[in-house]
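# Structural overview for review
Chain by chain, the residues run as shown.
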Amino acid sequence: MLKAIFTLDYEIHGNGDGCPYALMVEPTERMLRQFDQHGAKLTILADIAEILKFRQYAEEFGRDDYHYFKITAQLRDAIRRGHDVQLHIHASYFNAKYAAGRWRQDWSEYNFAGLNPERLREIVRQGKEFLESLLRPVNPHYRCSVFRAANWSVSPSKNVVRALVENGFTIDTSVFKYGRRDGLVNFDYTNACSGLVPWRAAEENLCEADPNGKLFEFPIYSENRWVGAFLTPQRIYRACVGRLHRFSGSREIIPSTPVAAKAPQNAPQKSHWLARKNAWKADFNQCSGRQLIRALERAEAQYGSQGVDLPFVLIGHSKLFTGFNEWSLRSFLAFVEKNPKRFGFGKFSDFDLQSFGNARKAARPEREPATPGGATGKAEPAFQN
Ligand SMILES: [Zn+2]
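Residues numbered from 1 in each chain as written. Predicted model: local features only at pLDDT ≥ 70, side-chain atom pairs only at ≥ 80, totals over all residues. Heavy atoms only, no water.

## Re the overall build of the chain
The line we're drawing: By the criteria applied, helices consist of DSSP H or I runs no shorter than four residues and strands consist of E runs no shorter than two, each listed in order from the N terminus. Residue contacts are defined here by distance: any two heavy atoms, one from each residue, within 4.5 Å place the two residues in contact. Each accessible area is a Shrake-Rupley result for a 1.4 Å probe, and residues are judged covered by the shown protein chains and nothing else.
A tally of helices and strands in the chain yields 9 helices and 16 strands. In the chain, 80% of the contacts between residues at least 6 apart in sequence involve partners at least 24 apart. Here the chain displays about 16000 Å² of accessible surface, and carbon together with sulfur accounts for 51% of that area.

Next comes the structure, spelled out in structure tokens:
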């Protein structure tokens with residue numbers, strides 16, 4: 001059976017703009033209410049670096065303008081209602097300074113995977129301790145053991161894997177197969193083990209499997225698809241929000257841009273932009289409910305019927321969760337609910353980690369939908385997530 005795990009990156013805009021109540025608390029409450037109606041579970045990936053800054057602000061200024069107390073109350077409430085909260089880190093907020101109504105981040109710490117080993121170990125420890133001390137009073141069995149890096153930046157992976165394992169993490173969920181970025185963050189997940197089935201990750205390269213690895217990678221569900229598959233009203237909205245909250249600072253900050261998947265060796269060197277392929281994530285802000293249903297069915301055809309529960313990891317952002325998303329997601333939630341023999345809702349803690357080795361071997365070869373031509377060159381920034 002495939003179990004949908006809804007992961008929600010819980011944060012304000014990447015450039016430091018925005019009100020945490022409007023971008024985090026209010027949309028997440030709408031999601032929790034909607035999910036409760038269908039028995040679905042939400043996994044909130046809370047950016048601990050921002051949340052600690054909001055606490056510092058409240059302590060320094062004696063005013064909770066950044067809604068620290070509403071945020072922590074919401075995280076506790078989510079655990080009380082049977083949802084999950086795990087760790088997300090935008091490290092550039094740890095040394096952020098508040099000036100003229102916004103947060104000026106420390107761009108030297110923007111690239112998570114580029115931080116030195118001691119720094120990585122320390123901030124992961126801080127995040128885990130914060131969440132466990134916040135949430136154990138609600139559920140004494142609560143464990144912070146799942147991680148996602150800001151901007152999916154876990155490459156090179158050695159220091160990241162070590163920092164997570166040393167802090168008792170068992171799962172990372174940053175990788176999406178076919179994903180590539182060039183810029184402040186650099187990675188190439190083209191050759192990741194799977195677009196769906198988790199694997200024991202190798203320390204030197206998280207995309208590869210190692211039977212002795214101590215950390216499991218649960219990839220965000222992803223396919224390699226041509227540009228036309230990306231055109232939804234939600235994605236155009238996302239592109240507009242991105243333009244409104246552009247990065248700027250003492251020097252121009254250019255976040256990483258997506259790069260189209262590598263061309264097959266015999267493909268023509270230049271191809272029309274419509275023929276290029278990109279990593280298509282199961283993103284519930286940017287895909288319609290119908291698209292998500294079709295993706296779930298494709299995943300079932302490729303990986304299902306193996307007698308093992310497998311995670312179908314979706315990604316979204318609270319800051320982008322519009323009323324339109326809520327409406328569109330209804331069909332997907334109802335579809336999963338109406339097919340309990342084939343699909344279910346889940347959290348990371350629902351899976352037997354030992355069961356995945358065989359499932360990956362049994363999956364059909366990772367295939368790609370047919371496209372009108374080769375794939376090469378840079379993608380349009382509008383398709384960035
Ligand atoms: Zn994030």
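## What to know about the coordination of the zinc ion
The expected angle between donors at a tetrahedral four-coordinate metal is 109.5 degrees. At an octahedral six-coordinate metal it is 90 or 180 degrees. As a reminder of what qualifies: Donors, by definition, are the N, O and S atoms found within 2.8 Å of a metal, the threshold being 3.2 Å for Na, K and Ca, and water is not counted, so a site can look incomplete. We call a residue buried when its accessible area falls under 20% of the maximum for its residue type, exposed when it is over 50%, and partly exposed in between, using a 1.4 Å probe and counting protein chains only.
The coordination sphere of the zinc ion, as far as protein atoms go, consists of E11 (OE), H88 (NE2) and H90 (NE2), spread over 2.0 to 2.1 Å. Summarised as a motif, the one-chain spacing of the donors to the zinc ion is E-x76-H-x1-H. With E11 in the loop between β1 (2–10) and α1 (20–38) and H88 in strand β3 (residues 84–89), this residue pair connects regions lying 77 residues apart in the sequence. When sorted by exposure, E11 lands in the same class as H88, which is buried.

## Quick look at the packing of aromatic side chains
The line we're drawing: In this scheme Phe, Tyr and Trp rings, the latter by its six-membered ring, pair at centre separations within 6.5 Å, and the angle between planes marks the pair as stacked below 30 degrees, edge-to-face above 60, and tilted otherwise. Only lysine NZ and arginine CZ atoms are considered, and such an atom sits over a ring when it is within 6 Å of the ring centre and within 35 degrees of the ring normal.
This model, assessed by the stated rule, comprises 31 aromatic pairs. Seen in terms of ring centroids, F54 and Y66 are 5.3 Å apart; in terms of plane orientation they differ by 15°. Their pairing is stacked. With F54 in helix α2 (residues 48–61) and Y66 in the loop between α2 and α3 (68–80), the pair connects residues that are 12 residues apart, well separated along the chain. Take F54 and Y66: they sit in the same class, and that class is buried. Taken together through their ring pairs, the aromatic side chains of F6, F35, F284, F321, F332 and F345 make up a single cluster. The ring of Y178 carries the charged tip of K177 above its face, separated from the ring centre by 5.1 Å. Looking at K281, its charged tip hangs above the ring of F176, at a distance of 4.1 Å from the centre.

## Some words on the environment of G307
Locating G307 in the fold gives a position in the loop between α7 (289–303) and β15 (310–317). Along the chain, G307 and M1 lie 306 residues apart, while their C-alpha atoms are 7.2 Å from each other.

## Quick word on the side chain of T72
Turning to its location among the elements, T72 is positioned in helix α3. Residues within four places of T72 in sequence aside, it is in contact with F130 and L134.

## Some remarks on helix α4 (residues 117–135)
To keep it simple, the criterion reads: To estimate the expected span of a helix, count its residues, drop one, and scale the result by 1.5 Å. Polar contact criterion, stated in full: a pair of N or O atoms within 3.5 Å, where within protein one must be able to donate a hydrogen and the other to accept it, and residues adjacent in sequence count only if both atoms are side-chain atoms.
In a regular helix each residue adds 1.5 Å, so 19 residues correspond to 27 Å; α4 covers 27 Å between its end C-alpha atoms and thus fits that length. Along α4, the positions that sit buried rather than exposed are L120, I123, V124, G127, K128, F130, L131, E132, L134 and L135. Buried residues along α4 sit in contact with α2, α3, β3 and α5 (158–166). Among the residues of α4, the N-terminal cap falls to N116, whose side-chain oxygen and the backbone nitrogen of E118 are separated by 3.1 Å.

## Notes on unusual backbone geometry
Residue P156 follows S155 across a cis peptide bond; omega there is 5°. Topologically, P156 is positioned in the loop between β6 (146–149) and α5. Of note in this structure, N151 is not a glycine but carries a positive phi near 55°. Tracing the backbone shows N151 in the loop between β6 and α5. A positive phi is found at Y178, a non-glycine position, where the angle reads about 80°. Among the structural elements, Y178 can be located in the loop between β7 (171–172) and β8 (180–182). Owing to a relative accessible area of 6%, Y178 belongs among the buried residues under this scheme.

## Section: α1
Its 19 residues place the ends of α1 26 Å apart at the C-alpha level, agreeing with the 27 Å of an ideal helix rising 1.5 Å per residue. Those residues of α1 that fall on the buried side of the exposure criterion are P20, L23, M24, V25, P27, T28, R30, M31, L32, Q34, F35 and H38. Buried-residue contacts for α1 involve β1, β2 (42–47), α2, α3, α8 (323–338) and β16 (343–345). Of the residues one or two after α1, G39 is the one with positive phi, at around 75°.

## Here we look at the packing of α2 against α4
Counted only if it meets this: Fitting a line to C-alpha atoms yields each axis, with helices limited to the stretch in contact; the angle taken between N-to-C directions then spans 0 to 180 degrees. For classification purposes, an angle smaller than 35 degrees is called roughly parallel, one larger than 145 roughly antiparallel, one from 65 to 115 roughly perpendicular, and anything else oblique. Crossing chirality is assigned from the near helix's rotation relative to the far helix, an anticlockwise turn below a right angle marking it left-handed and a clockwise turn marking it right-handed. For this classification, Asp, Glu, Lys and Arg are treated as charged, while Ala, Val, Leu, Ile, Met, Phe, Trp, Tyr, Cys and Pro are nonpolar and the rest, including Gly, are polar.
At a minimum axis distance of 10 Å, the contact between α2 and α4 shows a crossing angle of 65°. With respect to their mutual orientation, α2 and α4 come out roughly perpendicular. Crossing angle aside, the handedness with which α2 passes α4 is left-handed. Taken together, the residues of α4 that come into contact with α2 (itself represented by I48, I51, L52 and R55) are Q126, G127, F130 and L131. Broken down by class, the residue content of the contact of α2 with α4 amounts to 5 nonpolar, 2 polar and 1 charged.

## Some points on the pairing of β1
Test applied: Think of it this way: DSSP has to see at least two bridges between two strands before they count as a pair.
For β1, the tally of buried residues reaches 9 of 9 residues, placing the bulk of the element in the interior. Burial along β1 is two-sided: the face carrying L2, A4, F6, L8 and Y10 and the face carrying K3, I5, T7 and D9 are both buried. As paired strands, β1 and β15 are joined by 8 bridges and run parallel to one another. From the neighbouring strand, D9 faces β15, where its bridge partner is H317. Alignment of β1 against β2, held across 5 bridges, turns out to be parallel. In the strand pairing of β2, Y10 is matched with A46.

Remember, this is a structural readout, not a statement about activity or role.
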